[in-house]
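# Summary of structural features
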Amino acid sequence: MGFRLFWRWKSRSRVGRPRATLELRALIRRMAEANPTWGAPRIHGELLKLGMEVGQTTVARYMPRPRKGAPKPSPTWRNFLRLHLAESAGMDFFVIPTATFGVLLGFVVVSHRDR
């Protein structure tokens, strides 16, 4: 009897945040798979708009993990720069004081293709 009471006390339910329901977990997974570029903050915001009280860390916990070797859902910065470097340019506008205390204005445009 004492052993039974001890284990009942030991395995009692703890106070804390309630667990996410199975429907909520399935909805998080379905939203993440349907919108691969959305992260946990975006899905969390959409769930709040639907009136579901859920934390962002909970959303991140139940999102599907990407498999090893799977392509990224959106291009990386390296790919973006590689694809658009030829069309981009750097510009600068500056003031040049002269020896006669005059002011010259300079404007320089550098194409990254030729750089």
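Since we're looking at a predicted model, the values are computed, not measured.

## Overview of the packing of aromatic side chains
Tallying each qualifying case throughout the model produces five aromatic pairs. Residues Phe 93 and Phe 107 carry aromatic rings whose centres are separated by 6.3 Å and whose planes lie at 55° to one another, so their mutual orientation is tilted. With Phe 93 in strand E1 (residues 89-97) and Phe 107 in strand E2 (residues 103-111), this pair connects stretches of sequence that are 14 residues apart. Per residue, the accessibility class of Phe 93 equals that of Phe 107, and both read exposed. Taken together, the ring pairs connect Phe 3, Phe 6, Trp 7 and Trp 9 into an aromatic cluster.

## Regarding the pattern of salt bridges
On inspection of all chains with the given rule, the structure shows two salt bridges. Between Arg 42 and Glu 46 there is a salt bridge, with its nearest N and O atoms 3.7 Å apart. Here Glu 46 and Arg 42 lie together in helix H3 (residues 40-49), a separation of four residues that amounts to about one turn. The partner of Lys 49 in a salt bridge is Glu 46, with the nearest N and O atoms 3.5 Å apart. Taken together, the residues span about one helical turn, with Lys 49 and Glu 46 both in helix H3 at a distance of three residues. One salt-bridge network, held together by shared partners, links Arg 42, Glu 46 and Lys 49.

## Brief notes about the pairing of E1
In terms of strand pairing, E1 meets E2 through nine bridges, oriented antiparallel. Paired with Gly 90 across the two strands is Val 110, which belongs to E2.

## Structural notes on a nonpolar patch on the surface
On the surface, Met 91, Phe 93, Val 95, Val 103, Leu 105, Phe 107 and Val 109 cluster together into a nonpolar patch covering about 790 Å² of accessible area. At the level of secondary structure, the elements contributing two or more residues to the nonpolar patch comprise E1 and E2. Ranked by residues supplied to the nonpolar patch, first place goes to E2 with four residues. Mapped onto the elements of the fold, Val 95 is located in strand E1.

## Digging into the packing of helix H2 (residues 22-34) against H3
Between H2 and H3, the shortest axis-to-axis distance is 11 Å and the interhelical angle comes to 125°. It follows that H2 is oblique to H3 by the angle criterion. Crossing geometry of H2 relative to H3 is assigned as right-handed. Seen from H2, the contacting residues are Leu 24, Leu 27, Ile 28, Met 31 and Ala 32; seen from H3, they are Ile 43, Glu 46 and Leu 47. Looking at the contact of H2 with H3, its residues break down into seven nonpolar, no polar and one charged.

## Let's talk about the confidence of the model for the protein chain
Here the protein chain shows a mean pLDDT of 88. Residues at 70 or above account for 98%. Element-level mean pLDDT values for the protein chain span from 83 in helix H5 (residues 77-84) up to 95 in H3.

About the thresholds
- Residues numbered from 1 in each chain as written.
- Predicted model: local features only at pLDDT ≥ 70, side-chain atom pairs only at ≥ 80, totals over all residues.
- Heavy atoms only, no water.
- Phe/Tyr/Trp six-rings, centres within 6.5 Å; stacked < 30°, edge-to-face > 60°.
- Helix = DSSP H or I, 4+ residues; strand = E, 2+ residues; numbered from the N terminus.
- Buried < 20%, exposed > 50% of the residue type's maximum accessible area, 1.4 Å probe, protein only.
- Salt bridge = Lys/Arg side-chain N within 4 Å of Asp/Glu carboxyl O.
- Pairing = 2+ DSSP bridges.
- Patch = residues over 30% accessible without salt bridge, like charges linked within 9 Å, V, L, I, M, F, W, Y side chains within 5 Å.
- Areas by Shrake-Rupley, 256 points an atom, 1.4 Å probe, with all protein chains shown as cover.
- Axes fitted to C-alpha atoms, helices over the stretch in contact; angles between N-to-C directions.
- Parallel < 35°, antiparallel > 145°, perpendicular 65-115°, else oblique.
- Left-handed = near helix turned anticlockwise from the far one by under 90°.
- Contact = heavy atoms within 4.5 Å.
- Nonpolar A, V, L, I, M, F, W, Y, C, P; charged D, E, K, R; others polar.
- pLDDT = per-residue confidence, 0-100.

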